[in-house]
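# Structural description and commentary
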Amino acid sequence: MAGGAAAFTAHAVAVLPTQPQPVRVLGIDEVRRGRPTWLFDEATGTWQTAVDRWHVGFVDLSGGQGLLGQVEGRTAQVVVDWFLARPQQWRDEVRYVAIDMCTIFKSAVGRVLPHAQLVVDHFHLVQHQPPR
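Heads up: these notes are all about the structure in this document.

Parameters at a glance
- Residues numbered from 1 in each chain as written.
- Predicted model: local features only at pLDDT ≥ 70, side-chain atom pairs only at ≥ 80, totals over all residues.
- Heavy atoms only, no water.
- Salt bridge = Lys/Arg side-chain N within 4 Å of Asp/Glu carboxyl O.
- Helix = DSSP H or I, 4+ residues; strand = E, 2+ residues; numbered from the N terminus.
- Pairing = 2+ DSSP bridges.
- Axes fitted to C-alpha atoms, helices over the stretch in contact; angles between N-to-C directions.
- Contact = heavy atoms within 4.5 Å.
- Buried < 20%, exposed > 50% of the residue type's maximum accessible area, 1.4 Å probe, protein only.
- Arc of directions from axis to C-beta.
- Phe/Tyr/Trp six-rings, centres within 6.5 Å; stacked < 30°, edge-to-face > 60°.
- Lys NZ or Arg CZ within 6 Å of the ring centre and 35° of its normal.
- Left-handed = near helix turned anticlockwise from the far one by under 90°.
- Nonpolar A, V, L, I, M, F, W, Y, C, P; charged D, E, K, R; others polar.

### Regarding the pattern of salt bridges
In total, this model carries one salt bridge according to the counting rule given. Put simply, Glu30 and Arg74 hold a salt bridge, and the shortest N to O gap is 3.2 Å. Linking Glu30 in strand β1 (residues 25–32) with Arg74 in the loop between β5 (67–72) and α2 (76–84), this pair joins segments that are 44 residues apart in sequence.

In C-alpha cells:
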C-alpha cells in the first residue's frame, strides 16, 4: 500500500471498533486514497491491482459513533462482506442507509439489508441537478 493510504489504513484498524454499536441510520461513501499499485501477472499476461486506491467508509449518521469501519475496494462484494461481518441483530437495526447514487451501494444494501430504506444524500442530488 502506498504511503498515506497505508498509514490511514493502519490507523483505522487500530482505532475502529471490531463490532460497532447498532445504528438506525447508516451512511456509506467511497473515497480515493492515493494511487493504485499494479502487479503484472505472468500467468495471465495481465496487470492486476495489488492495492486498490478506493476505500468505502461506513458512518453512523444517527448517533455519535462516527466512522464505524472502512474497507479497501469499491465493489458490492466488499460492502456485503462488511455487513455480513456484523451480527444479524446489528443488521436488523439499520432502518435507513444514505448513499450517493452509486449502484454498487444500492446493490449491496438490497442484498443484505432488504428491510432498510435507501436515501440519497442531498449533496449528491445537488451536484447532479440538470442546468436550469
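### A few points about the sheet that holds β1
One open sheet accounts for five strands, arranged β5-β4-β1-β6-β7; its pairing is mixed. Looking at strand neighbours, the two that pair on one side only are β5 and β7 (117–120), the edges of this open sheet. Within this sheet the neighbouring strands show an average axis-to-axis angle of 25°, counted without direction. Where strand β4 (residues 54–60) lies against β5, five bridges are found, and the strand directions are antiparallel. Among the inter-strand pairings, Val56 is bridged to a residue of β5, identified as Val71. Packed onto the sheet, α2 meets β1, β4 and β5 and runs at close to 135° relative to β5. Together, β1, β4, β6 (96–99) and β7 form the strand contacts of helix α4 (residues 103–112), whose direction differs from that of β1 by roughly 145°.

### Some details on α4
Taken together, the buried positions of α4 are Phe105, Ala108, Val109 and Val112. With its buried residues spanning 95° around the axis, α4 presents them on a single face. Of the exposed residues in α4, those oriented more than 90 degrees away from the buried face are Thr103 and Lys106. Contact partners of the buried residues in α4: β1, β4, α2, α3 (88–93), β6 and β7.

### Re the packing of aromatic side chains
For the structure on display, the rule yields five aromatic pairs. Each ring, one from Trp82 and one from Trp90, has its centre 5.6 Å from the other, and the planes form 80°; the classification is edge-to-face. Take Trp82 and Trp90: they sit in the same class, and that class is buried. Among the aromatic residues, those joined into a ring-pair cluster are Phe58, Trp82, Phe83 and Trp90. Lying over the aromatic face of Trp54, Arg74 brings its terminal NZ or CZ to 4.5 Å of the ring centre. The ring of Trp82 has Arg86 sitting right over it, with the charged end atom 4.3 Å from the ring centre.

### Some remarks on the pairing of β4
Counting buried positions along β4 yields six of seven residues, so the element is predominantly enclosed. Between the end of β4 and the start of β5, which pair antiparallel, lie six residues, with Gly66 showing a positive phi angle near 70°.

### Some remarks on the packing of α2 against α4
Viewed as axis vectors pointing N to C, α2 and α4 meet at an angle of 35°, and their least axial separation amounts to 8 Å. The two elements α2 and α4 cross, and the hand of that crossing is right-handed. Each of Ala76, Gln77, Val79, Val80, Phe83 and Leu84 in α2 lies in contact with α4, whose residues at this interface are Ile104, Phe105, Ser107, Ala108, Val109, Arg111 and Val112. Tallied by class, residues from the contact of α2 with α4 come to 10 nonpolar, two polar and one charged.

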